[in-house]
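Examining the three-dimensional arrangement
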Amino acid sequence: MSGHGQETFHHPQVGVLTLVGQSVHLEGTPGQRLGAYTAESGTPIMTPCSCST
């Protein structure tokens, strides 16, 4: 992810997730970025899975 955009992830227990993400440069840490992904507003909500790790 660079800047912002949409990405699709394939989770082995949950399935396909399409999330929007944004990343920012971390001041004072050359080459480092912080990224965050969220579901878009209005996305259907699934019940939490009881995934064992």
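Scope of this entry: the structure provided in the associated data block. (Residues numbered from 1 in each chain as written. Predicted model: local features only at pLDDT ≥ 70, side-chain atom pairs only at ≥ 80, totals over all residues. Heavy atoms only, no water.)

1. Considerations on the overall build of the protein
Our working rule: A run of H or I in DSSP counts as a helix once it spans at least four residues, and a run of E counts as a strand once it spans at least two, with each numbered from the N terminus. Throughout, exposure labels follow a simple rule: accessible area from a 1.4 Å probe, protein chains only, divided by the maximum for the residue type, with under 20% read as buried, over 50% as exposed, and the rest as partly exposed. Whether two residues touch is decided by their heavy atoms; if any such pair falls within 4.5 Å, the residues are in contact. With residues, only the protein chains shown are counted as cover, and all accessible areas are computed by Shrake-Rupley using a 1.4 Å probe.
For the protein, the helix and strand inventory stands at zero helices and three strands. When the helices and strands of the protein are listed from N to C terminus, the series reads β-β-β. Looking at the protein residue by residue over its 53 residues, the buried ones come to 6%. Contacts spanning at least 24 positions in sequence make up 19% of the contacts within the protein whose residues lie at least 6 apart. Total accessible area computed for the protein in this model is approximately 4600 Å², and 56% of it derives from carbon and sulfur atoms.

2. Section: the sheet that holds strand β3 (residues 33–38)
As a reminder, the rule being used: In short, DSSP must find at least two bridges between two strands for them to pair. Interaxial angles span 0 to 180 degrees and are taken between N-to-C directions of axes, which are lines fitted to C-alpha atoms, for helices over the stretch in contact.
The sheet built from three strands is open, its strands ordered β1-β2-β3 with antiparallel pairing. The outermost strands of the open sheet, each flanked by one partner alone, are β1 (4–11) and β3. Along the sheet, successive strands turn relative to each other by an average axial angle of 35°, direction set aside. Alignment of β1 against strand β2 (residues 15–25), held across eight bridges, turns out to be antiparallel. The residue bridging His11 from the neighbouring strand is Gly15, located in β2.

3. Some details on the packing of aromatic side chains
The relation between two aromatic rings is expressed through the spacing of the ring centres and the mutual angle of the planes. The cut-off we apply is this: Only Phe, Tyr and Trp rings take part, Trp by its six-membered ring, and two of them pair if their centres are within 6.5 Å. Stacked means planes under 30 degrees apart, edge-to-face means over 60, and tilted covers everything else.
The final tally for this structure, using the stated rule, is one aromatic pair. Aromatic pair Phe9 and Tyr37: ring centres 5.0 Å apart, planes at 90°, arrangement edge-to-face. Taken together, the positions of Phe9 in strand β1 and Tyr37 in strand β3 put the pair 28 residues apart, joining distant regions of the chain. By relative accessible area, which is 29% here, Phe9 ends up partly exposed.

4. Some details on a nonpolar patch on the surface
Let me state the cut-off plainly: Any residue with relative accessible area above 30% and no salt bridge may belong to a patch, with like charges joined within 9 Å and the nonpolar Val, Leu, Ile, Met, Phe, Trp and Tyr side chains within 5 Å. Here, a salt bridge means any Lys or Arg side-chain nitrogen found within 4 Å of an Asp or Glu carboxyl oxygen.
A surface patch of nonpolar side chains, amounting to about 240 Å² of accessible area, comprises Val24, Leu26 and Leu34. Turning to its location among the elements, Val24 is positioned in strand β2. Given the relative accessible area of 39%, Val24 is considered partly exposed.

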